[in-house]
Amino acid sequence: MKHTKSLLLSLSMLLTALVSCNNDNPIDPDIVISDVGTIAIVPDIQYYTNDENRSVYLTSILDYLTSEQENISFILQTGDVTNNNQTWQWENGDSLFFSKIPKTIPFIYCLGNHDYGNNGSSKERKSNFPEKMMPVRDLVMPSSQWDNYVRFLMLGDTKIAILSLEFAPRNEVLEWADEVIRTYPDTPFILLTHAFLNNSGKMFDSSDPNCDNKWSQKQYVMGGDYVNDSKEIFDKIVANNSNVKFIICGHCVSKKYIECLEEKNSSGGSVYCIMVNYQHYKDGGSGNIGLLDYSQGHFCLRSFDTVNNTYGKINISFDLEI
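Values in this document were obtained by computation on a predicted structure and should not be read as measured data. (Residues numbered from 1 in each chain as written. Predicted model: local features only at pLDDT ≥ 70, side-chain atom pairs only at ≥ 80, totals over all residues. Heavy atoms only, no water.)

Draft legend 1. Highlighting helix 3 (residues 56–67). Compared with the 16 Å implied by 1.5 Å per residue over 12 residues, the 16 Å span of helix 3 between its first and last C-alpha is a close match. Three or more residues of helix 3 are buried, namely Tyr-57, Leu-58, Ser-60, Ile-61, Leu-62, Tyr-64 and Leu-65. On its buried face, helix 3 sits against strand 1 (36–42), helix 2 (46–50), strand 2 (72–77), helix 4 (87–96), strand 11 (288–295) and strand 12 (298–305). (Helix = DSSP H or I, 4+ residues; strand = E, 2+ residues; numbered from the N terminus. Expected span 1.5 Å × (residues − 1). Buried < 20%, exposed > 50% of the residue type's maximum accessible area, 1.4 Å probe, protein only. Contact = heavy atoms within 4.5 Å.)

Next up, the structure:
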């Protein structure tokens, strides 16, 4: 009986994915994204929404994105919108930043550990996330529509998908995500999830005693459900799906603020894991973001100070066919 229920659940999830994915024109026809451009990665903003003296950095990021909207292809925000899941912090995030992003720039974001639970405790999968901040979604996971969803975009003639996953994803979420990715085998996927790389720029891996697992997904209760760490996420939905090209995250506190790890899937293809997080920099980040430039399979990851309009020391280049 247990196996029968599991089979029925899998079939139901697959059917839901197939029905929900039946969207021949999932993108706004007014948004045209060039095959040469920049992906803006906005890190954890919890200290900006929590402190009015630091909210000026949301303004500086917004001003930069607005001034460069013809060059910014889309924006990825790595979660921890709030410091402790307070309604007023969500309101600050919306009024100062989210609602003011130009409609011509697709904006995809995920939720972090501070965005759940009572006072950001992450002991339950409950969030004060307001309905008005619901992102544009082309595909959603039933019963989890606000933190597990897909946005389809076009880069030139190439259709891509950004898959936003909840913090410390449950098994059923990864089963759903795997079905979605397999439904679109020819579509390059970018996974966006709050936590993936550790302080050393490596994957969290609870099976490795030598791994730095401080702030691992496993350290959070999240409602008592089984949660998957980075190695499990990779093994379950990335390793055997060669169309997953990037994993974008925040959360951890690398001394370099930006990390880029190249992993190999089971076919020998490259998967680039990128972490951007400046919350431990002065004033909770001082308006620094990550910029991923791309052109004909060539990528360049750089840091950018939106207050002084200057590039930082990070400059990482690589080639990846998508």
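Draft legend 2. View of the pattern of salt bridges. Counted according to the given criterion, the structure contains 12 salt bridges. The shortest N-O distance in the salt bridge between Lys-132 and Glu-91 comes to 2.9 Å. Remark: Glu-91 occurs in helix 4 and Lys-132 occurs in the loop between strand 3 (107–109) and strand 4 (139–141); sequence separation between them is 41 residues. When its relative accessible area of 32% is taken as the criterion, Glu-91 is described as partly exposed. Two residues, Lys-264 and Glu-262, come together in a salt bridge whose shortest N-O distance is 3.2 Å. (Salt bridge = Lys/Arg side-chain N within 4 Å of Asp/Glu carboxyl O.)

Draft legend 3. Up close: empty space enclosed by the protein. By the definition in use, this model includes 2 cavities of 30 Å³ or more. Put simply, the largest cavity is a space of about 60 Å³. Lining the largest cavity we find Ile-39, Leu-155, Ile-160, Pro-188, Phe-189, Ile-190, Lys-245, Phe-246, Phe-299 and Ile-322. (1 Å grid on protein atoms, 1.4 Å probe; cavity = no way out; pocket = protein on both sides within 12 Å on 5 of 7 lines; lining within 4 Å. Points joined across faces, edges and corners; volume = space filled by probe spheres on them.)

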